[in-house]
Amino acid sequence: MHDSHLPFRQLLLEDLQAARRRDPAARTLVEVALAYPGVHALWLHRLAHRMWHANPLLKLPARLLSQFARARTGIEIHPGASLGRRLFIDHGMGVVIGETAEVGEDVVMFHGTTLGGVSMSRGKRHPTVGDRVVIGAGAKVLGPVTIGSDAKIGANAVVVRDVPAGAVAVGIPARPRSAPAALQLDPWADPALYI
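Residues numbered from 1 in each chain as written. Predicted model: local features only at pLDDT ≥ 70, side-chain atom pairs only at ≥ 80, totals over all residues. Heavy atoms only, no water.

**Points about helix H3 (residues 37-54)**
Taking 1.5 Å per residue, 18 residues should reach 26 Å; H3 reaches 26 Å between its end C-alpha atoms and fits that length. Residues of H3 that are buried include every one of Gly38, Val39, Ala41, Leu42, His45, Arg46, Ala48, His49, Met51 and Trp52, and no others. Lining the buried residues of H3 we find helix H1 (8-22), helix H2 (29-35), helix H4 (59-73), strand S1 (76-77), strand S2 (82-83) and strand S3 (88-90). (Helix = DSSP H or I, 4+ residues; strand = E, 2+ residues; numbered from the N terminus. Expected span 1.5 Å × (residues − 1). Buried < 20%, exposed > 50% of the residue type's maximum accessible area, 1.4 Å probe, protein only. Contact = heavy atoms within 4.5 Å.)

See below:
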């Protein structure tokens, strides 16, 4: 899940290509680079995250950079959060990712989603999200829960328990279900369509 072993430029290019690949409205890489706040927030996070872990003296500047990103994009990502490669935040407004959140590779998050805590205590208090997970618009994934790889979280779901790999979780509170066969046709579709 950590990106520190890759050249920074390669990470940024992968983020750009992931957004272009996953969004049918994206026409060119230049358009994505100039007009996608999810990509901008992710790029600023990647810089803030490296600062956060490089030196204790850089923690405050990293937090300030993350607040600048929040003001510019409407997306709040704590610099301590660990985000995997090729994350795509679509639309982005209102996305919140907490300090101890861990997000795998090739994840798609839609606007208004939260990877938040349910406790004010120190330690692991935010979700761990596996690879190739889709988190629908407005979904709230709360606490130190684990979302297994290839799981889908429906729009406006509230997840407070682990979701097994490959499952679909919809509702309030979200309950895991087997993925419907139709979801296999479009792995990036919001599973709330199949409620």
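Structure's up, so let's keep going.
**What about unusual backbone geometry?**
Each neighbour pair has its own omega, and for Ile172 with Pro173 the value is -10°, a cis peptide bond. Position of Pro173 among the secondary structure elements: in the loop between strand S14 (167-170) and strand S15 (175-178).

**Here's the deal with the sheet that holds strand S7 (residues 114-116)**
The parallel open sheet is built from five strands, whose spatial order is S1-S4-S7-S10-S13. On the outer flanks of this sheet lie S1 and strand S13 (158-159), each paired with one strand and no other. Pairing between S7 and strand S10 (residues 140-142): three bridges, direction parallel. Residue pairing across strands places Gly116 opposite Leu142, the latter belonging to S10. (Pairing = 2+ DSSP bridges.)

**Thoughts on the packing of H3 against H4**
Contact pair H3 / H4: the axes reach a minimum separation of 8 Å and the direction vectors enclose 175°. Relative to H4, the element H3 is oriented roughly antiparallel. When H3 is examined against H4, the residues Pro37, His40, Ala41, Leu44, Leu47, Ala48, Met51 and Trp52 are found in contact with a partner set consisting of Lys59, Pro61, Ala62, Arg63, Leu65, Phe68, Ala69 and Thr73. The class makeup of the residues in the contact of H3 with H4 is 12 nonpolar, two polar and two charged. (Axes fitted to C-alpha atoms, helices over the stretch in contact; angles between N-to-C directions. Parallel < 35°, antiparallel > 145°, perpendicular 65-115°, else oblique. Nonpolar A, V, L, I, M, F, W, Y, C, P; charged D, E, K, R; others polar.)

**A look at the pairing of S14**
Residues Ala167 and Ala169 of S14 are buried on one face, and the alternating residues Val168 and Val170, pointing to the opposite face, are buried as well. Here strand S12 (residues 152-153) runs beside S14; their pairing, made up of two bridges, is parallel. When the bridges of S14 are listed, Lys152 appears paired with Val168. Of the pairings in the sheet, the one linking S14 to S15 comprises four bridges and is antiparallel in character. Bridging across to S15, Ala169 finds its partner in Pro176. Count of turn residues in the S14/S15 antiparallel hairpin: four residues, of which Gly171 carries a positive phi of about 100°.

**Observations regarding the side chain of Asp15**
Tracing the backbone through its elements, the reader meets Asp15 in helix H1. Discounting chain neighbours no more than four positions away, the residues touching Asp15 are Val39, Leu42, Trp43, Arg46, Arg86 and Leu87.

**Concerning H1**
With 15 residues, H1 should reach 21 Å at 1.5 Å per residue; the first-to-last C-alpha distance of 21 Å fits that figure. Every buried residue of H1 is listed here: Leu11, Leu12, Glu14, Asp15, Leu16, Ala18, Ala19 and Arg22. Looking at the packing, one finds that the buried side of H1 touches H2, H3, S3 and strand S6 (108-110).

**Focus: the nonpolar core**
Ranked by internal contacts, the top residues of the largest apolar core, which has 30 residues, are Ile97, Leu115, Ile147 and Ile153. Listing elements by their share of this core, those giving two or more residues are H3 and S14. Setting aside residues no more than four positions away along its own chain, Ile147 makes contact with Thr128, Val129, Gly130, Val133, Val141, Ile153, Val159 and Val163. One finds Ala19, Val108, Val134 and Ala137 within the second-largest nonpolar core, a separate group that totals 11 residues. (Core = buried A, V, L, I, M, F, W, Y, C linked by side-chain atoms within 4.5 Å.)

**Topic: the packing of H1 against H3**
For any two helices packed against each other, one specifies the crossing angle of their axes together with the interaxial distance. At a closest axis distance of 10 Å, the pairing of H1 and H3 adopts a crossing angle of 155°. By the angle between their directions, the pair H1 and H3 is classed as roughly antiparallel. Here H1 runs over H3; the crossing is right-handed. Contacts between H1 and H3 pair Phe8, Leu11, Leu12, Asp15, Leu16 and Ala19 from the former with Val39, Leu42, Trp43, Arg46, Leu47 and Arg50 from the latter. Class assignment for the residues of the contact of H1 with H3 results in nine nonpolar, no polar and three charged. (Left-handed = near helix turned anticlockwise from the far one by under 90°.)

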